[in-house]
Structure formats: C-alpha cells, structure tokens
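Spelled out from the first residue to the last, the chains are:
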Amino acid sequence: MDFFELFKYQFIIRAIYTGIFVAGTCSLLGIFLVLRRLSLIGDGLAHITFGGVAIGILTKHEPFYIAMPISVLSSLGILKLSQKAKIYGDAAIGIVSAVGIAFGVIISNIAGGFNIDLFSYLFGNILAISKTDMYISLILSLIVCGIIIKNFDDFFSIAFDEELAQVTGINTKKLNYLLSILTAVTVVMSMRVVGIMLVSALLILPAASALQIFHSFKKVAFFSVFFSVLSVLTGILISLFFNLPSGATIVFVNFIIFLFCLFLKHLESARR
Amino acid sequence: MTNQDVYTVQNLSVKYPRNNIFTNISFSVNKGDFLAIVGPNGSGKSTLVKSLLNLLPYTGNIFLFGTDIKTFSDWQRIGYMPQKFSYFNPLFPATVKEVVQLGISKNNNNPKDILIDKALRSIDIHSLKDKPIATLSGGQQQRVLIARALVNNPELLILDEPTVALDPDIRESFFQILLNMNRNEYKTIMLVTHDIGYVGKYATKLMYFDRNIIFYGTFKDFCESESMGDYFGYRTQHLICNMEHQHLQINNKERS
C-alpha cells in the first residue's frame, strides 16, 4: 500500500483526527494523575466502563451513553471512598475496579457471553470509528483540554502539594472533583481508540516518558502530548501496514518511546 | 478581639478517630509577634498549625485577621511553609522559578516575574532560578520553599520546622532574615520548631506545646517561671536558658 494513498480513505482520516485529539487529552490529563500517584485510576475506571458497556449491549443502547454516567459516578465514588472511609486511594480504586469488572462479566453472561461488540470495546479499534464517534471524541477532547488548560496552574499547584495549594486560595476540593470527572470522561472517550483494557496506557505512558527526561513542568506537559500523539499516529500506520490490532500497537509504540526516554535518562546520568 | 490580633483562637479542639490531639485551646497572636511554637516530637505542633490554616477538621473558633478562617479568602496575606520532609517530592518536574510561582496567591495581581525575583533574592538563591528543583541539595530545596512562602510579601509567615535541612551558617542567616522581617518590616512570624534553646534569642513570644499549651509568654518569663522549672526540672530549664545565653554571647562577640 502506498503511504500517501492511505489518506484517501475516510476511515483512516477519521482515525487520525480522533487519535490526535484523544491522545493529546489523555496525555495532558495523565501528567496530573501520574504526579498525584493516581495512575491506576484510569485502569479502575476502564473496568467500570466495561460494566457500562455490557449493560449497553444487553439493553441494546449505545454503550457510550450508558458507560459515561456510570464512569463519572464511579470516579466520584472513588474520591468519596478514599476521603470519607479513610481508605487509601489505590485500595479505593481496586475495590471499585474489581466490582466494575465483576458486574460487567455477570451482565455479559446474562447477555449470552462475550460477543464481537464487547471485544471491540475491550481492545479498541480506532480504524473502525464512525463519523459520529469522531465528532463526539473531538468535542469532548476540546472540552476536557479547555478545562485543563484553564485550570492548568491550579492543577499543577495541587499536584505539587495540596495543602500549599489550599493556602494560596485554590479550591482544592472542587478541583479534585473536576479532575475525577475529567478522567472518567476521558476514559470512556478513549475506549474506542485503544480499548478498555489498554486505556490506562494512554494516560500513564506519555507522562511517564516525558518525566524521565524533562525537569520543567511546561516541558513535561508539551512532550507528554507530543509523545502521545506521535505514538497514536505511528501506531495507526504500523497497524495498517502490518495488519496488527491498532490499540495494542499504539500501546507498544508508547512503550518503545518510554524505553527510549529511560535510555536517554541513563545517558544523562552517566554523563554527570 | 482587637484589630491588633492576627489570630484569635477560642476553644480549639482537634481529634482523630481514636485520639484527641488537643482540646479547648485558646490563645491569640498579635501583629508584630515573633512566636516560636516549640515542643517535643509528636506533641501536635504541626497539627495545631494545620488546624489554624483550616487544613484539618476542628471544633472551636479561629479568627485570622478578624475573619473566621472558614470564610477567610485573603490568602495573599499569609506565607506558609509546611514541614518539608513530610510532603516534598524531590522528583517533581519543576524549576525553582515554577515552584516559587506556585506560591503566588490567586488575588495577587503584581507581575509574577518581579515577585519571584524579589523572593529569590531575599534569601540569596536567585542564581538557582532556572535549575530543576530535583537537582538541588536538601538545604537549597528548603530555601526554595522558604522563597515560595515569601513570594506574596505576606504580613504573616507560618513556618513549620523551616531550618531542619539547613547548615548552621545558612540557618543563622535565615534567622537574621526573619529577624529583619519581624523587627523592621513588622511582619508577624509563627515558627514551629523543636529547638527551644535556639529560637529563644529571636522570638518575642514562646509557646511550649505538648498536646496542650504548657507555657505561653516571653522567653525571659519562661526562664524565670517556677512552674516551668517544675515541669521540665530545674536543670533542664537552666540548660535551655543557658543555651540561649550561649547563643547570645556568641552573637554579641560576633557583633563586637
């Protein structure tokens, strides 16, 4: 297949647009999650989303619309659980995540077992994204990114130290809820790109890569987005040329970037 | 409550689920005070400070600059530095400038670069401005956090164990900076430390805190207090007060 010929296909153009926007959003959000040691929240919410998708498929409703409110409510539940029940954040994520996936398995069993639809959500297929899915992803990405950019300094301050942020007049409680909601929305939005099982990779890996080699917050933010978009575009192309599953390929490209950054970090330390 | 009161604290209690940290504490801090809050490890000093900033649930009344702390919004007037080693992530990806910038209050409309430069110069770390904080020594990181607390040019500075990682020389110059702020710029300072002997020469007031206010007054009163003699034992009291005299003597010699 000729490289430029690829861009004649609408499904590839849709995949590229959606990939760029979703990857950019995930990586921008991911920096705050990684720095606040909430990396696993993406994984937990993805498992919850699985339950929502199963309900959607069972009731013959669009899974996206069922998964979205379930994921948002669950993210708020995780926050409440860790605050009120004095449970460690990772334990709260673990509880909600396990319950979510157990719920999804039961529902899918009632629906007659795992079917192709459910698998496409579990492992994602960015190349099969419809026009409507693309527009929804673009709009949600713009909203999520807009909110993050507007509150960027405040999120940064909270990531550095929540108490200090509070003493400079930042409403940390409100922003914690906002971050939870944004994460839930982003996870559901990303499930079509890399799938429920791999969505946390889009949140964690680009930020983790950038954190290896950059020591300024703005540079970390910029390169996290850059790595993420690069991995999605490269992943799409590789999956097309070698006929590989797109979601898993995107995650692998991300991992290779991460290894490269680790290598650069090692070189830098050796030079000192 | 007078308009000279920076803090008015009435019947303040803080408790954790299975444990009362302290109950029914009342005191006030006046404008221009240099208050040293001292006490042993685990005595609740940092908990007291956090409750004073509404960072912990409490019962009782706390008024800061005459406003209930629960509705207080003029955070530009406060500079706070928490206990460093309890929270600081040394791998956080930020330059010195970015960390200091984080301290700028939401309602401070002055140009950020000017505020940052002034804060960094005030404790002599302007040359570190663009360095990643992760690459600095413990003492330098501590000074960055002090600059962060100073960046709004606050009326009240609350510092929790600020000198833990500092070398003796830097600690001395840091205290001189605080002294200048207190005596010449009339800033109110509340300093938490467990080093009772060392702060005696700087503080105008001393609070000895051990899950309750054991003593609240001047260092001179502390040294002359019979009840403190009974509490610590006269030898210990003598030792603490002599440590202060030793510091003073050294200081006087240096001055002469």
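Parameters at a glance
Residues numbered from 1 in each chain as written. Chains lettered and ligands numbered in written order. Predicted model: local features only at pLDDT ≥ 70, side-chain atom pairs only at ≥ 80, totals over all residues. Heavy atoms only, no water. Contact = heavy atoms within 4.5 Å. Buried area = accessible area lost by both parts, 1.4 Å probe. Salt bridge = Lys/Arg side-chain N within 4 Å of Asp/Glu carboxyl O. Polar contact = N/O pair within 3.5 Å; in protein donor to acceptor, adjacent residues only side chain to side chain. Helix = DSSP H or I, 4+ residues; strand = E, 2+ residues; numbered from the N terminus. Nonpolar A, V, L, I, M, F, W, Y, C, P; charged D, E, K, R; others polar. pLDDT = per-residue confidence, 0-100. Buried < 20%, exposed > 50% of the residue type's maximum accessible area, 1.4 Å probe, protein only. Core = buried A, V, L, I, M, F, W, Y, C linked by side-chain atoms within 4.5 Å. Pairing = 2+ DSSP bridges. Axes fitted to C-alpha atoms, helices over the stretch in contact; angles between N-to-C directions.

## Things to note about the interface of chain B and chain A
Facing the 27 residues of chain B at the interface are 24 residues of chain A. Between chain B and chain A the total buried area reaches about 2200 Å² when both faces are included, carbon and sulfur atoms providing 65% of it. On the chain B side of the interface with chain A, the three residues burying the most area are F92(B), P93(B) and L102(B), jointly 28% of the side's total. There are one salt bridge connecting chain B and chain A. The residue K50(B) makes a salt bridge to E163(A) at a minimum N-O spacing of 3.4 Å. Here chain B and chain A share six residue pairs in polar contact (both at pLDDT 80 or more) between them. Elements that contribute at least two residues to the side of chain B that touches chain A include exactly β6 (78-81), α2 (96-102) and α4 (138-150) of chain B. Considering each element in turn, the side of chain B that touches chain A owes the most residues, three residues, to α2(B). Taken together, the residues of the side of chain B that touches chain A sort by class into 16 nonpolar, six polar and five charged.

## Quick notes on the confidence of the model for chain B
All names here are of chain B. When pLDDT is averaged along chain B, the result is 83; 90% of the residues meet or exceed 70. Confidence over residues 248-256 falls short of pLDDT 50; this stretch has four contacts with residues more than four positions distant or in other chains. Confidence metrics for the complex model read pTM 0.84 and ipTM 0.80.

## Things to note about the side chain of T193(B)
Residue and element names in this part refer to chain B. With respect to the helices, strands and loops of the structure, T193 is situated in strand β8 (residues 188-193). On the basis of relative accessible area, T193 is assigned to the buried category, the value being 6%. Excluding residues within four positions of it along the chain, T193 makes contact with I37, V38, G39, K45, E161 and V199.

## Let's talk about the nonpolar core
If you look at the biggest cluster of nonpolar residues, it comprises 170 residues, and the most contacted ones within it are Y7(B), L53(B), I78(B) and L178(B). Here the element with the most residues in this core is helix α1 (residues 10-35) of chain A; it accounts for 13 residues. Setting aside its immediate chain neighbours within four residues, I78(B) contacts V167(A), L53(B), L64(B), F65(B), F72(B), P154(B), L156(B) and I158(B).

## Quick word on the sheet that holds β6(B)
Residues and elements named next belong to chain B. A sheet is described by the order of its strands in space; here six strands give the open sequence β6-β7-β8-β3-β9-β10, paired in mixed fashion. In the strand order of this sheet, the two ends are held by β6 and β10 (213-217), each with one partner. Ignoring strand direction, the axes of neighbouring strands in this sheet form an average angle of 10°. Of the pairings in the sheet, the one linking strand β7 (residues 156-160) to β8 comprises five bridges and is parallel in character. Paired with L159 across the two strands is L191, which belongs to β8. Seen against the sheet, α4 touches β6 and β7 and runs at an angle of roughly 160° to β6.

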